Amino acid sequence: MEHLIAMPDATTLRSDARSGQVAEVDALIIGAGFSGLYQLLCLRDRLGLSAQVLEAGDGVGGTWYWNRYPGARCDSESHSYSYYFSDELLEEWEWSERYPEQPEIMRYLNHVADRFDLKRDIRFGTRVTSAHYDTAANRWLVGTEAGEQLTTKFLITAVGCLSTANIPDIPGLDTFAGDWYHTGQWPHDGVDFTGKRVGQIGTGSTGIQAAPVIAKTAAHLTVFQRTANYSVPARNVPLTPEFKRYLKQSYAEIRRLMHTTTNGHPFGISERLALDTTPEQRQALYEAAWETGGLQFRSTFQDLLFDKAANDTAADFLRGKIREIVKDPATAAILADIDHPFAAKRPPIDTNYFETFNRDNVSLVDVRATPIERITPKGIVTSDAEYELDIIVFATGFDAMTGPLLNIDIRGRDGLSMKDAWQAGPKSYLGLQVAGFPNLFTVTGPGSPSVLCNMPVAIEQHVEWITDCISYMNEHEVERIETTAEAADKWAEEVNTAANATLLPQVKHSWYLGANIPGKPRVFMPYAGGMLRYRDICSDVAARNYEGFVLSR
Ligand code: NAP
C-alpha cells in the first residue's frame, strides 16, 4: 500500500514528539482495554499497518485498570469473559473461579498483551484530549494532554462504555475532612477501612459488590440508597478440575453458542413464557435459578423483558427473597421497595449483599425518603440527620457510553464537533460510525449492543468488522469511509424500536438512557435487538459493499 509508512514503535513516536515533529501512523487506537488490545493486534499483525494505542493509564486493562474497588469482579462467567480469537490463547489460559476477580482480569489482559507483544505499540500515560479531522489531508490530528500531536488516517476509539466516573455534584464535598473515593478511580494501593466510619453512596452493580467487602473491616458502614435494586446471588466458586477439562475440550462449541445467543453469553434464554406456567412451576423454576445464581436468572423465561405481567412474577420472587434474608423488617422494606421492572436496569449479582444488612456494623439510609442535602467536614447531611464519616465511597456510576467520547474534543468534517452532532443524544450507524466523522470508528459505540451483551463477544465482533472494513478499503484503494446521515437516522429509529419492544426504557434513573446524569439527553443508547440479529445486520452491510457508507478514493 502506498500510504503505508515505516512502522515506528512507541519509543520512536515519543522521540518524534519530543523533537517537535508530528508522528504519523496508519491507525491510532484510543484505549488499551479489551477492545484496544485486540484492535491493535488485528491492524498491526493481520493487516500490517502501523498502529499505535494511546492509553491514559500506566498499564493495560481499560475499565479494569481503574475499577479496583473492594469486591470488583466480573458478572460474566470467566470462561466467557475471554477472547475467543486464538485457540492457543484459549488452550494456555486457565481461570481460577466462576467469575473473574479484577486482579485476575488484569493478569489475563497483561498475559494477552505480552503474548502478542502488544505493549511496544502502546503509549501509556498518554491521555488523548483532541482529535480533529483535516479534510484536505484526509488525516486525523490527535492531541494529548502533554501537548503532543500525532496524525493518523484511521482513528479508532476503544474507550469503553463505562469509563467516565460520575461524581454527583453534592454541595460541600470539598469541605469534607475525611477521604473520599469514586469506585471507578480507585487508588492502586487500596484503601484501609479498618476502624473507619464509611459512607457508601450508590447501590448499583458496583455498590452491591463493594458493600459486603467494605463491611468486613470498617467500624461502621452506612449505605445511602436512592433507588432500591434487585440482586441475584452470584454463587462464585473455584472452578473444578472437571469443569476446566470440559472447557479445554469445548471451546469451539462455547464460541458457537456465544455467537448464537441474544446476549453473547454461553447460555440461551428459555423458550418458556412465565405467564404460561403455573404459579407452582414458576416458583420451582425461580428457586432453581436462584440456586444456580448469576445473570442466568433473567433467562428463566422468554417474556421477562417484554411483558410487565411476566416480569412482575420475577420481581415478586426477588422482593420475597430480600424479605427472607434481611432480618430487620424496616430495613428489608426499604431494600425491597423497588420501583422498576427486574432487569430493566442492568441486573446486579452479588455475594452476600442483602446478608450484609444483618451485620451490627451496617445500616441503611433511604435517601429517596430523606435526600442527601450536603456534605460537611464531618460527613453527609440528609434532610433528617447528619452521618459522621471518615471515608465516603461514591459507587455512583458513570457518564456511560457517550461520556468517554465527549470528553475528547472530537471534530470531524468542517469543524463539526461531536458534542454538537450529539446535542440531542448520540446518533450513529450501527454504533460504528458517526456521520460527519470520516475514518473514525467507535468500538462498542452508542447504537451497538455493547453493554447489553457479554462485552468481549461484542468487542470481538466490532474489532473484526472494523478490521475487515479497513482491509477492504486497502484492497479497493478506498481512502475514506463515512456513514451517511440517512443511514444513521434510520439506525436511530431501529435502536428506538428495539428498545421500545422491551421494558428497558421504563426506568427513571437508568444509565442506558443517560438519565443518571443531570442534563444529559434522554436517549436509549445501546441496541436492544440482540447480538445475534446485530451481527447479521453488520455482516449483511459489509457483504453489500458497505451499504449506508460512502466510500471514496
Ligand atoms: P450505576 O448502576 O449507575 O449505579 C449508581 C448508583 O449510584 C445508583 O444506585 C444510583 O442511584 C446512585 N447514585 C448516583 N448518583 C446519586 C446521588 N446523587 N445520590 C444518591 N445516589 C446516587 O453504577 P455502577 O453500580 O457503577 O454500575 C454501572 C455499570 O457498570 C453496571 O450497570 C454494569 O454494567 C457495570 N458493572 C459491572 C460489574 C460487573 O460485571 N461485575 C460491576 C460493576 C459495574 P439511582 O439508581 O437512584 O440513580
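A quick note: this is a predicted structure, and the numbers were derived from the prediction, not measured.

Calculation notes
Residues numbered from 1 in each chain as written. Predicted model: local features only at pLDDT ≥ 70, side-chain atom pairs only at ≥ 80, totals over all residues. Heavy atoms only, no water. Helix = DSSP H or I, 4+ residues; strand = E, 2+ residues; numbered from the N terminus. Buried < 20%, exposed > 50% of the residue type's maximum accessible area, 1.4 Å probe, protein only. Contact = heavy atoms within 4.5 Å. Areas by Shrake-Rupley, 256 points an atom, 1.4 Å probe, with all protein chains shown as cover. Lys, Arg positive; Asp, Glu negative; His and termini not counted. Charge placed at Lys NZ, Arg CZ, Asp CG, Glu CD. Near = heavy atom within 4 Å. Polar contact = N/O pair within 3.5 Å; in protein donor to acceptor, adjacent residues only side chain to side chain. Nonpolar A, V, L, I, M, F, W, Y, C, P; charged D, E, K, R; others polar. Domains from an automatic or database assignment. Buried area = accessible area lost by both parts, 1.4 Å probe. Salt bridge = Lys/Arg side-chain N within 4 Å of Asp/Glu carboxyl O. Axes fitted to C-alpha atoms, helices over the stretch in contact; angles between N-to-C directions. Parallel < 35°, antiparallel > 145°, perpendicular 65-115°, else oblique. Left-handed = near helix turned anticlockwise from the far one by under 90°. Pairing = 2+ DSSP bridges. Phe/Tyr/Trp six-rings, centres within 6.5 Å; stacked < 30°, edge-to-face > 60°. Lys NZ or Arg CZ within 6 Å of the ring centre and 35° of its normal.

Asks: How should the overall build of the chain be read in this particular structure?
Replies: Within the chain, the secondary structure is distributed over 16 helices and 20 strands. Burial status across the chain gives 57% buried among its 553 residues. Counted over contacts in the chain with a minimum sequence separation of 6, partners at least 24 positions apart contribute 72%. For the chain, the computed accessible surface area is about 22100 Å², with 49% contributed by carbon and sulfur atoms. Computed over 52 positive and 71 negative side-chain charges, the inter-centroid distance for the chain is 2 Å.

Asks: Got a minute to help me understand the site of the ligand in this structure?
Replies: Neighbouring the ligand are 23 residues; Arg73, Asp75, Thr206, Thr227 and Lys345 lie closest to it. Between an oxygen atom of the ligand and a side-chain N or O atom of Arg226, the distance comes to 2.8 Å. Alone, the ligand offers 900 Å² of accessible surface; in the complex the protein occludes 89% of this. Per-element accounting of the shell around the ligand gives the leading share, three residues, to helix α6 (residues 205–217). Classifying every residue of the shell around the ligand by side-chain character gives eight nonpolar, ten polar and five charged.

Asks: Is there a simple way to think about the domain arrangement of the chain in this case?
Replies: You'll often see interface size given as the accessible area lost when the parts meet. Annotation of the chain at the domain level lists domain 1 (3–164 + 400–552), domain 2 (165–229 + 348–397) and domain 3 (269–343). Placing a centre on the C-alpha atoms of domain 1 and another on those of domain 2 gives a separation of 32 Å. Interface of domain 1 and domain 2: buried area, both sides summed, is about 1500 Å²; carbon and sulfur atoms make up 53% of it. Connecting domain 1 to domain 2 are zero salt bridges. Counting across the domain 1 and domain 2 interface gives five residue pairs in polar contact (both at pLDDT 80 or more). For the side of domain 1 that touches domain 2, the per-class residue count stands at seven nonpolar, six polar and three charged.

Asks: Can you help me understand the packing of helix α8 (residues 279–292) against helix α9 (residues 308–325) in this one?
Replies: A packed helix pair is summarised by two numbers, namely the angle formed by the two axes and the spacing between the axes. It is the contact of α8 with α9, at a shortest axis distance of 11 Å, that shows an interaxial angle of 60°. By the angle between their axes, α8 is oblique relative to α9. Read as a crossing pair, α8 and α9 show a hand that is right-handed. Across the interface between the two elements, Arg282, Gln283, Tyr286, Glu287 and Trp290 from α8 touch Ala310, Thr313, Ala314, Phe317, Leu318, Lys321 and Ile325 from α9. In terms of residue class, the contact of α8 with α9 is built from seven nonpolar, two polar and three charged.

Asks: Where do I start with the sheet that holds strand β7 (residues 179–182) in this structure?
Replies: Picture the strands of a sheet paired through backbone hydrogen bonds; they go either parallel or antiparallel. If you trace the five strands from one edge of the open sheet to the other, you get β7-β16-β8-β9-β12, paired in parallel fashion. The open sheet has two free edges, formed respectively by β7 and β12 (362–366), since each of these has just one partner strand. Neighbouring strand axes in the sheet, compared pairwise and without regard to direction, differ in orientation by 20° on average. Sheet analysis places β7 next to strand β16 (residues 391–394), joined by four bridges and oriented parallel. Each residue of the ladder has a partner; that of Tyr181, found in β16, is Val393. Here α6 sits on the sheet in contact with β8 (197–201), β9 (220–225), β12 and β16, set at roughly 170° to β8. Sheet strands touched by helix α10 (residues 329–336): β9 and β12. Its angle to β12, the strand with the most contacts, is close to 50°.

Asks: Where do I start with the packing of aromatic side chains in this structure?
Replies: The description of an aromatic ring pair rests on the distance of the ring centres and on the angle between the ring planes. Under the definition given, this model contains 39 aromatic pairs. With a centroid separation of 5.0 Å and an interplanar angle of 65°, the aromatic rings of Tyr353 and Phe354 are classed as edge-to-face. In this structure, Tyr353 and Phe354 share a single accessibility class: buried. Here the aromatic cluster, defined as three or more aromatic residues joined through ring pairs, consists of Phe34, Tyr38, Trp64, Tyr81, Tyr83, Phe85, Trp93, Trp95, Tyr108 and Phe116. We note Arg68 situated over the ring of Tyr65; from NZ or CZ to the ring centre the distance is 4.9 Å.

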